[in-house]
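# A look at the structure
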Amino acid sequence: MFRLSKDIDSSFQGVGTKSGLEIWCVYNNQLVSIPKSSFGKFHSGNAYLVLRTVLPKVGSPQYEIHYWLGNDANEVDSVLASDKALELDAALGCCTVQYREVQGQETEKFLSYFKPCIIPVEGKYSPKTGLVGETYQVTLLSCKGDHVVRVKEVPFLRSSLNHDDVFILDTASKVFLFAGCNSSTQEKAKSLEVVQYIKDNKHDGRCEVATIEDGKFSGDSDAGEFWSFFGGYAPIPKLSSSTTQEQTQTTCAELFWIDTRGNLHPTGTGSLDKDMLEKNKCYMLDCYSEVFVWMGRNTSLTERKTSISSSEEFLRKEGRSTSTSLVLLTEGLENAKFRSFFNTWPQIVESSLYNEGREKVAAMFKQKGYDVDELPDEEDEPPYANCRGTLKVWRVDGDEVSLLSIPDQTKLFNGDCYIVHYKYDYNERTEHLLYVWIGCESIQEDRADAITNASAIVGSIKGESVLCHIHQGSEPSRFFPMFQSLVVFKGGLSRRYKTFLAEKADKVEENNENKASLFRVQGTSPRNMQAIQVDRVATSLNSSYSYILQYGTSAFTWIGKLSSESDHDVLDRMLYFLDTSCQPVYIREGNEPDTFWDLLGGKSEYPKEKEMRKQIEEPHLFTCSCSSDVLKVKEIYNFVQDDLTTEDVLLLDCQSEVYVWIGLNSNIKSKQEALTLGLKFLEMDIMEEGLTVRTPVYVITEGHEPPFFTRFFEWVPEKANMQGNSFERKLASLKGKKTITKRSSGSPWRSRSKDNASRDLPSRPVSSNGSERGVSPCSSEKLSSLSSSEDRTSSSNSTPVVKKLFSESLSVDPSSDGLTRQESSSNSDISKENPLNGINLDLSSLESLAYSYEQLRVDSQAPVKDIDATRREAYLTEKEFEERFGMAKSDFYALPKWKQNKLKISLHLF
């Protein structure tokens, strides 16, 4: 992994094997390792080298190198730091991204490594004393930044203060925070973290803390003491306008080739193409405020050092500000900002590169003595939302919605849009998930109406809910277990979809029982299986899946070569779920009869390689604001829970899904407005990672974060329940006061959206059979009925405990319109498990739980209560079971699932 040679410093032996930071200081023309206790302490008279290592669970290690240049560092040390950064890159296999950092102009990524801040120290570093001539003295610090704070020591004068920034006065016995009247709440809150840092590290936690508000003086003893350090109170001058505005350049990016002598040759401007970059050359991309140096894989260490020196000399000759960022990139490690300047840069990394990275990780850890014979694949997401909640599904038809019956909840159409409400208990509280499911063939107007109707339903739900917008084919893994078994048919039932079909000259083939239909079967278990109807052509096949081809009363089940045993079990169960009377013909890939191909319109090529899951990257958190329909985002690096400030709206980009987090004190008025921000973010694809409008978008309210969101943080639940704005919360925490409050029933803006939704809207129509049909959630009658339904659900008695022989059962909650999943407890009647075809039975306890055949029949005059109705046969005694079924129970449960069900139907047990 490491490539040490005579050109590489021996200090880099063994670096990059552990996650975290490693820091060196240039001292007497050599590198000196800095202990962790001194991390974040940078001396203005020195140059430093910082390596950040991330060892993800999946994929190759990620390295970032920063060389930090103090304002008083000499040129020799600065050049040496730059050269050592390249040597460190070479030692790590030339797979790092490098940044130049200048004191006072550090990148936010660099500052995010040091929580809460770095405070540069005047003077030079000394390995023995840490600082030559260091003495404690009263200091005045300015703080700027909402999420990453920049701390700078300023002259201890009244004239240093202004109304726009936050200042910290550090004295021997007390630390003062002065908040300018124009500073933001977030900025004041972030500065309090610096106060805490100073209190803990410079005063050993033994000092007082006082906050001074700009313009408030009378009756405040702390304010009088603060101003006494400046010789008494006097008006503060306004901030000079020259420092508030920074001139921006709109020039196009310009590409230069750097030869081996360091000369720059213009190569292109404006419209650039990736093919312009050659592997054996170095290039400089000048974007004015940011400059990139791109180094081809085949360039030498000497060529790279020359290219960086030339780029730095170019910036000096051009008179560029020290705030100009210089980023060094090796071929293959280009960041999103760099790629965005090129027209034809591929966005998707080939899976071979992903696998190659995994092999490198395995090789590195094997060198360290770890056993990595089987490096595991990425872990599946744990099932945070259990399958014991209440499910409701509405079909959208214009401005109306229809609540589906329980049997119809598991049958969706790809030409329609649906609203799915799932209510479940988690951590002793009721959670609500509301999905807007967009069929791949649905009409655009129905898609817009689905969002509007879902927003109205959100307003009718007691308590906060999580809203999610998903497209067919891009559903998150937690969506399907809510249904347990789900079939998605081609076609649609909405009026607009039917009109669309009628207007087409060549009408699309609709779902028809007399015609053949092809279904792709997917899922992980009997509690999570789906059948998706696809085009009835051979190109729809894939060796990684199993399929059901229905024709009349018969069916082919096609088993792909790359499918697993669990896939085959799901196939059997789904076949019966689709049609209990179907007579299947099992065929394996490669052994298809001519009839099979004739039904698909003939043979043709289809995917035959194992489907690879996309490499999981680290999530990215962004602040966002929208003005004049223009979305502006800014990344928060190395984010933590404290970055979720209550005044903000934040976007968490996890690539496969995006979360919009709404602070309770933000200016967002509704979940629909927040969803719009999320959809705009998908269109921007700021990270150049291939986001599309089909990517799931979740909308989450502060204080009601679901577990599949909090897993991205080191989550402290108490922080999510604090009262007041971010500054008040930080101050209370600093002074040891409790600020935890009870959860509100909803955020302040939710009631406003509810009122708006229920104004001037038509009454609900009812179908001829008396059932609720075409109900518009935007009507006040619907809203009240939904609320009362929620009341009935929450106030009713829980479903009686069922005497179960299985680990899970499915029952109907009589107090609601949805399905209720129940799971057996640890003190279940099952004392000994015997796995039979995926079913866990206690054969020894049957006698105590046995009932007669006449009691267990579905048409019994005296039916048994409190049993698992889907497993009636299990309650028969061994003797009566053999009389009725003609076989022992163990033989019965060894049969395919569809055969079991067929026998049970014939005996009226299913």
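As annotated in an unreviewed UniProt entry, the protein carries the name Villin-1 isoform X2 and is attributed to Camelina sativa.

Bringing unusual backbone geometry into the picture now. In the segment running from Lys115 into Pro116, the intervening peptide bond is cis, with an omega of 0°. Along the polypeptide, Pro116 turns up in the loop between α2 (108-111) and β6 (125-126). Although it is not a glycine, Asn29 adopts a positive phi angle of roughly 65°. For Asn29, a relative accessible area of 54% corresponds to the exposed category. The phi dihedral of Gln655 falls on the positive side, at around 70°, and the residue is not glycine. One can find Gln655 in the loop between β32 (649-653) and β33 (658-662).

What follows is about the packing of aromatic side chains. In the structure shown here, the tally under the stated rule is 52 aromatic pairs. On the basis of an interplanar angle of 85° and a centroid distance of 5.9 Å, the ring pair of Phe489 and Phe519 is categorised as edge-to-face. Linking Phe489 in strand β24 (residues 485-489) with Phe519 in strand β25 (residues 517-525), this pair joins segments that are 30 residues apart in sequence. The interplanar angle of 55° and the centroid separation of 5.4 Å between the aromatic rings of Phe622 and Phe681 together place this pair among those described as tilted. With a gap of 59 residues between them, Phe622 in strand β30 (residues 620-627) and Phe681 in helix α13 (residues 671-684) connect regions that are remote in the sequence. Under the relative-accessibility criterion, Phe622 is labelled buried at 2%. Using a relative accessible area of 0% as the deciding quantity, one classes Phe681 as buried. Three or more aromatic residues link up through ring pairs in this structure, and these residues are Tyr435, Phe479, Phe480, Phe483, Phe639, Tyr659, Tyr698, Phe708, Phe709, Phe712, Phe713 and Trp715. The positively charged end of Lys188 is found above the aromatic ring belonging to Phe727, 5.3 Å away from the centroid. When the ring centre of Tyr606 is taken as origin, the NZ or CZ atom of Lys608, which lies over that ring, is 4.9 Å away.

Among the secondary structure elements, Ser60 is positioned in the loop between β3 (47-54) and β4 (62-69). Among the residues examined, Ser60 registers a relative accessible area of 28% and is labelled partly exposed. Each C-alpha atom, one on Ser60 and one on Cys95, is 9.8 Å from the other, the two residues being 35 residues apart in sequence.

Now for the sheet that holds strand β10 (residues 166-170). The strand order β9-β8-β10-β11-β12 describes an open sheet built from 5 strands, whose pairing is mixed. Edge positions in the open sheet fall to β9 (150-154) and β12 (208-213), since each of these has one partner strand only. Averaged over all pairs of adjacent strands, the angle between strand axes in this sheet comes to 25°, irrespective of strand direction. Where strand β8 (residues 139-144) lies against β9, 5 bridges are found, and the strand directions are antiparallel. Of the residues in β9, the one forming a bridge with Leu141 is Glu153. Each of β8, β9, β10, β11 (174-179) and β12 is contacted by helix α3 (residues 185-202), which is oriented at about 15° to β10, the strand it contacts most.

Turning to α3, a few remarks are in order. Taking 1.5 Å per residue, 18 residues should reach 26 Å; α3 reaches 26 Å between its end C-alpha atoms and fits that length. Burial in α3 covers these residues: Gln186, Glu187, Ala189, Lys190, Ser191, Leu192, Glu193, Val194, Val195, Ile198 and Lys199. Among the structural elements, β8, β9, β10, β11, β12 and α15 (726-734) are those in contact with the buried residues of α3. Immediately beyond the C-terminal end of α3, within one or two residues, lies Asp204, with a positive phi of roughly 55°.

Glancing now at the pairing of strand β2 (residues 30-33). Regular strands place side chains that alternate from one sheet face to the opposite one. With 4 bridges joining them, strand β1 (residues 20-27) and β2 adopt antiparallel strand pairing. From the neighbouring strand, Tyr27 faces β2, where its bridge partner is Gln30. Hairpin connection from β1 to β2: 2 residues lie between these consecutive antiparallel strands, with Asn28 at a positive phi of about 55°.

Tallying each qualifying case throughout the model produces 35 salt bridges. One salt bridge in this structure joins Lys671 and Glu464, with 2.7 Å as the shortest N-O distance. Separated by 207 residues along the polypeptide, Lys671 in helix α13 and Glu464 in the loop between α9 (444-460) and β23 (466-471) bring together distant segments of the chain. The exposure classification of Lys671 matches that of Glu464, with both residues buried. The closest approach of N and O atoms between Glu702 and Arg729, which form a salt bridge, is 2.7 Å. You can see Glu702 sitting in the loop between β34 (697-701) and α14 (707-710) and its partner Arg729 sitting in helix α15, a full 27 residues away along the chain. The pair Glu702 / Arg729 is uniform in exposure class, with both members buried. Salt bridges here are not isolated pairs; linked through shared partners, they connect Lys190, Glu193, Asp642, Asp643, Lys719 and Lys730.

What follows is about the sheet that holds strand β16 (residues 290-295). Within the open sheet, the 10 strands sit side by side as β2-β1-β3-β4-β5-β17-β16-β15-β13-β14. Their pairing is mixed. The two strands at the open ends of the sheet, each matched to only one other strand, are β2 and β14 (264-269). Sheet twist, expressed as the mean angle between neighbouring strand axes with direction ignored, is 25°. Seen against the sheet, helix α1 (residues 75-91) touches β1, β2, β3, β4, β5 (96-102), β16 and β17 (325-330) and runs at an angle of roughly 20° to β3.

Bringing α1 into the picture now. A rise of 1.5 Å per residue sets the reference length of α1, with its 17 residues, at 24 Å; its end C-alpha atoms lie 24 Å apart and thus fit the reference within 8%. Among the 17 residues in α1, 14 count as buried, and that is most of the element. The N-terminus of α1 is capped by Asn74, whose side-chain oxygen sits 3.3 Å from the backbone nitrogen of Val76. Just past α1, the residue Gly93 takes up positive phi, approximately 90°.

Looking now at the packing of α1 against helix α6 (residues 301-318). The N-to-C vectors of α1 and α6 enclose an angle of 145°; their axes lie 10 Å apart at closest approach. In this structure, α1 meets α6 at a crossing whose hand is right-handed. Contact residues: α1 offers Ser82, Asp83, Leu86, Glu87 and Asp89, while α6 offers Leu301, Arg304, Lys305, Ile308 and Glu312. Taken together, the residues of the contact of α1 with α6 sort by class into 3 nonpolar, 1 polar and 6 charged.

The rules behind the values
- Position numbers for residues start from 1 in each chain and track the written sequence from start to end.
- Residue-level local features of this predicted model are given only where pLDDT is at least 70; pairs of side-chain atoms are given and counted only at 80 or more, and the full residue set underlies all totals for whole chains, interfaces and linings.
- Hydrogens and water molecules were not included; the side-chain quantities draw on all heavy atoms of the structure.
- The secondary structure listing takes helices from DSSP runs of H or I that are at least 4 residues long and strands from runs of E that are at least 2 residues long, numbered from the N terminus.
- Three exposure classes are used, based on accessible area relative to the maximum for each residue type with a 1.4 Å probe and protein chains only: buried under 20%, partly exposed in between, and exposed over 50%.
- Paired rings are identified among Phe, Tyr and Trp, the last through its six-membered ring, by centres lying within 6.5 Å, and are further divided according to the angle between planes into stacked (under 30 degrees), edge-to-face (over 60) and tilted (the rest).
- In this scheme, Lys NZ or Arg CZ marks a charge over a ring once it lies within 6 Å of the ring centre and within 35 degrees of the ring normal.
- DSSP calls a pair of strands paired once it identifies at least 2 bridges connecting them.
- In this analysis an axis means a line fitted to C-alpha atoms, helices contributing only their contacting stretch, and an angle means the value between N-to-C directions, from 0 to 180 degrees.
- Residue contacts are counted whenever heavy atoms from the two residues lie within 4.5 Å of one another.
- Here a helix's expected span is defined as the number of its residues, less one, multiplied by 1.5 Å.
- By definition here, a salt bridge exists when the distance from a side-chain nitrogen of Lys or Arg to a carboxyl oxygen of Asp or Glu is within 4 Å.
- Distance and chemistry together define a polar contact, namely a pair of N or O atoms within 3.5 Å, with one atom able to donate a hydrogen and the other to accept it when in protein, and with adjacent residues in sequence counting only for side-chain atoms on both sides.
- Should the near helix be turned anticlockwise from the far one by less than a right angle, the crossing is termed left-handed; should it be turned clockwise, right-handed.
- Three categories are distinguished: nonpolar for Ala, Val, Leu, Ile, Met, Phe, Trp, Tyr, Cys and Pro, charged for Asp, Glu, Lys and Arg, and polar for the others, with Gly belonging to the last.

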